[in-house]
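Tertiary structure, described
Chain by chain, the residues:
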Amino acid sequence: MSVWEKRDDMVVHEEEPFNAEPPPGALAGRATTGLESFYSRNHGPIPDLDPDQWRLRVDGLVDRPLELSLTQLRGEFEEAEVTATLQCAGNRRAGLIAVRDIPGEDPWGPGATSTALWGGVRLADVLLRAGLQAAARHVAFAAPDISDLADPSQPYGGSIPVHKAMEAGVLLTWSMNGQHLPRVHGGPLRVVVPGWIGARSVKWLTRITAQEQPSDNYFQATAYRVLPAEADPVRAGPGDGISLGSLALNCAILAPAEGAVLPSGPGRITGYALAGDDRRVARVDVSLNGGRSWVQADVDPGEGPWTWQHWYTTLDLPTGDVEITARAWDSTGAAQPESPAHLWNPKGYANNSWSRIKVSCR
Ligand SMILES: Nc1nc2c(c(=O)[nH]1)N[C@H]1C(S)=C(S)[C@@H](COP(=O)(O)O)O[C@H]1N2
Ligand SMILES: [Mo]
């Protein structure tokens, strides 16, 4: 165990702020991800909040502004548990960087995706207690960790529309896989917004504000937006590009590992697929010839509406260098796009092109 009690073979993109993902094989075939393997994405130093001193303010367009301690949250609201997958918008950025360099952004693989059982209370219940006013259209989250990725530096924040905030799956959580929510994952309390990019699941939450407009925080207004390929990301300002919210249909091959040397003959291939928001993964296809022909994998149903779905197949691997390709389809009939070149964007978000790995069979 290393920093933040993560496994020793974590791929650490940055020590400070801490940004790390597990090797893909660590996620394979597991419904939930152990705390020691769960990826972590941070934009500034990790705060150390005293749970006894900590308070959550609820304000803005509400009839009854609240200030809640952890004890009040635990005692005065119905407890709720949700198994949900978090996925960073930068997941699989490495595939975009291979098309064209993306300076200043980490080359995340498919491991910026992990699943936990989250426990806490429903955000909707807290908003109902506060009395959301009709003019409220967005629910903004604020945290105390200060990021100097924004210029001038500012605390982390973001928002989601009211219709998403009122969904039963959106939680204010203090536990993860039955343990206290670890500091690195937002303890004492974070939001979990299932089906949406991880950036909206704000950690170390201290304030919830109901408002007419989306948050003007840097990480909502300027970052986590898909800019046109020709745009200069350094010059991007508030409101430029497409704001990311619900996740795009995606999949990844988790085993075998990239570059593995395997015996030829029957070989098991497994991975995850994630449909995003309230969609489901309907089919996963695997190809050994770059997509000229496909075999359907078995897809598990997932632990609930907000989780990834693992898939499995056994294919006859020929001798020599083999490229394995996978693509998912969702419950609306949509499929993943083939090429990362077609998706390339200056900040490297939302790479949901077909997953490809190369192995060598003897
Ligand atoms: N306060 C705060 N919340 C945050 C972040 C952050 O840097 N600060 N990173 C966000 C991003 S981009 C992601 S993908 C998830 C990662 O959550 P994890 O570190 O628990 O995996 O947290 C989100 N919440
Ligand atoms: Mo993220």
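This structure is a prediction, so every number in the text was calculated from the model and none was measured. (Residues numbered from 1 in each chain as written. Chains lettered and ligands numbered in written order. Predicted model: local features only at pLDDT ≥ 70, side-chain atom pairs only at ≥ 80, totals over all residues. Heavy atoms only, no water.)

Some thoughts on the site of ligand 1
To be explicit about the condition: Throughout, near means a residue has at least one heavy atom within 4 Å of the molecule or strand. For the purposes of these results, a polar contact is taken to be a pair of N or O atoms within 3.5 Å, where, inside protein, one atom must be able to donate a hydrogen and its partner to accept one; residues adjacent in sequence count only when each atom of the pair is a side-chain atom. Computed with a 1.4 Å probe, the accessible areas rest on the Shrake-Rupley method; for each residue, only the protein chains presented here act as cover. Each residue receives one of three labels: charged for Asp, Glu, Lys and Arg, nonpolar for Ala, Val, Leu, Ile, Met, Phe, Trp, Tyr, Cys and Pro, and polar for the others, Gly being one of them.
Around ligand 1 there are 20 residues in total, and Y39, H43, D145, H185 and K203 lie nearest to it. D145 has a polar side-chain atom sitting 2.7 Å from a nitrogen atom of ligand 1. Against a free-state accessible area of 530 Å², the protein chains account for coverage of 100% of ligand 1. Residues that form the shell around ligand 1 fall into these classes: ten nonpolar, six polar and four charged.

Some words on the pattern of salt bridges
Between side chains of opposite charge, a pair can form as their charged atoms come close. Which entries qualify depends on this criterion: We count a salt bridge whenever a side-chain nitrogen from Lys or Arg sits within 4 Å of a carboxyl oxygen from Asp or Glu. Under the scheme applied here, a residue whose accessible area is under 20% of the maximum for its type counts as buried, over 50% as exposed, and between as partly exposed, the area being computed with a 1.4 Å probe on protein chains only. For the purposes of this entry, the term helix denotes a DSSP run of H or I that reaches at least four residues, the term strand denotes a run of E that reaches at least two, and both are numbered from the N terminus.
A full pass over the atoms with the stated rule returns 17 salt bridges. Between D125 and R122 there is a salt bridge, and its shortest N-O distance comes to 3.8 Å. By relative accessible area, which is 22% here, D125 ends up partly exposed. Note that R356 is salt-bridged to E338, the shortest N-O span being 3.7 Å. Of the two residues, R356 sits in strand β23 (residues 355-361) while E338 sits in the loop between β22 (320-330) and β23, which places them 18 residues apart along the sequence.

A few points about the sheet that holds strand β18 (residues 281-287)
The condition that has to hold: A pair of strands counts as paired when DSSP detects no fewer than two bridges linking them.
Strand order in the open sheet formed by five strands is β16-β23-β22-β18-β19, with mixed pairing between adjacent strands. Only two strands of the sheet have a single neighbouring strand rather than two, namely β16 (261-262) and β19 (295-296).

Re the side chain of S37
Our working definition: The contact criterion used is simple: two residues touch if any of their non-hydrogen atoms lie within 4.5 Å.
Looking at the element boundaries, S37 is found in the loop between β2 (19-21) and β3 (56-60). Residue S37 is classed as buried on the basis of its relative accessible area, which comes to 3%. With near-sequence residues (within four places) excluded, S37 lies in contact with R7, M10, P22, A26 and S114.

With respect to the domain arrangement of the protein chain
The test is simple: Residue ranges labeled as domains rest on an automatic or database domain assignment. Reported buried area values correspond to the accessible surface (1.4 Å probe) lost by two parts on association, with both partners' losses combined.
Partitioning the protein chain into structural domains gives domain 1 (11-243) and domain 2 (250-361). Once you take the C-alpha centre of each, domain 1 and domain 2 turn out to be 26 Å apart. On the domain 2 side, the residues contacting the 45 residues of domain 1 number 32 residues. In this assembly, domain 1 packs against domain 2 so that about 3200 Å² is buried in total across both faces, 60% of it on carbon and sulfur atoms.

Comments concerning the sheet that holds strand β7 (residues 138-147)
Strand pairing within a sheet occurs via backbone hydrogen bonds; the two strands may be parallel or antiparallel. For the record, the criterion: Between the N-to-C directions of two axes lies an angle of 0 to 180 degrees, each axis being a line fitted to C-alpha atoms and, for a helix, fitted only over the stretch in contact.
Taking strand neighbours across the sheet as the criterion, the five strands line up as β4-β3-β12-β7-β8 in an open arrangement whose pairing is mixed. Strands at the two margins of the open sheet, each flanked by one partner only, are β4 (66-68) and β8 (154-161). Taking each pair of neighbouring strands and ignoring which way they run, the sheet shows an average axis angle of 20°. Two strands pair when backbone bridges link them, and β7 and β8 are joined in this way by seven bridges, in the antiparallel orientation. Counterpart to F141 in the pairing with β8 is G158. Contacting β3, β4, β7, β8 and β12 (207-211), helix α3 (residues 123-130) crosses the sheet at an angle of about 135° to β4.

Describing the pairing of β22
In this sheet, β22 lies alongside β18 in antiparallel orientation, the contact comprising six bridges. In the strand pairing of β22, V284 is matched with A328. Both β22 and β23 contribute to a ladder of seven bridges, which runs antiparallel. Counted as the bridge partner of D321 is S360 from β23.

Quick notes on the side chain of D277
The residue D277 is located in the loop between β17 (265-274) and β18 in this model. Judged by its relative accessible area of 16%, D277 is buried. Looking at D277, its side chain comes within polar contact range of the side chain of K164, at 3.1 Å. Apart from the residues lying within four places of it in its own chain, the contact partners of D277 are K164, G195, W196, S246, P305 and W306.

Digging into the packing of aromatic side chains
This is how it is decided: The aromatic pairing rule takes the rings of Phe, Tyr and Trp, using the six-membered ring of Trp, and pairs them if the centres are within 6.5 Å, calling planes under 30 degrees apart stacked, those over 60 edge-to-face and the rest tilted. In this analysis the charged atom, NZ for Lys or CZ for Arg, is taken to sit over a ring once it is within 6 Å of the ring centre and within 35 degrees of the ring normal.
The final tally for this structure, using the stated rule, is eight aromatic pairs. Between the aromatic rings of Y272 and W308, the centroid separation amounts to 5.5 Å while the plane-to-plane angle is 25°, which identifies the pairing as stacked. In this pair, Y272 sits in strand β17 while W308 sits in the loop between β20 (298-299) and β21 (309-317), placing the two residues 36 residues apart along the sequence. A relative accessible area of 2% means that W308 is categorised as buried. Both rings, one in W294 and one in W354, keep their centres 5.0 Å apart while their planes meet at 90°; by these two values the pair is edge-to-face. Taken together, the residues W294 in the loop between β18 and β19 and W354 in the loop between β22 and β23 connect sequence positions 60 residues apart. Here the aromatic residues F38, Y39, W108 and W118 are joined through ring pairs into a cluster of three or more. Taking the ring centre of W344 as reference, the NZ or CZ of R100 above it sits at 3.9 Å. Above the plane of the ring of W294 lies R327, whose end atom (NZ or CZ) is 3.9 Å from the centre.

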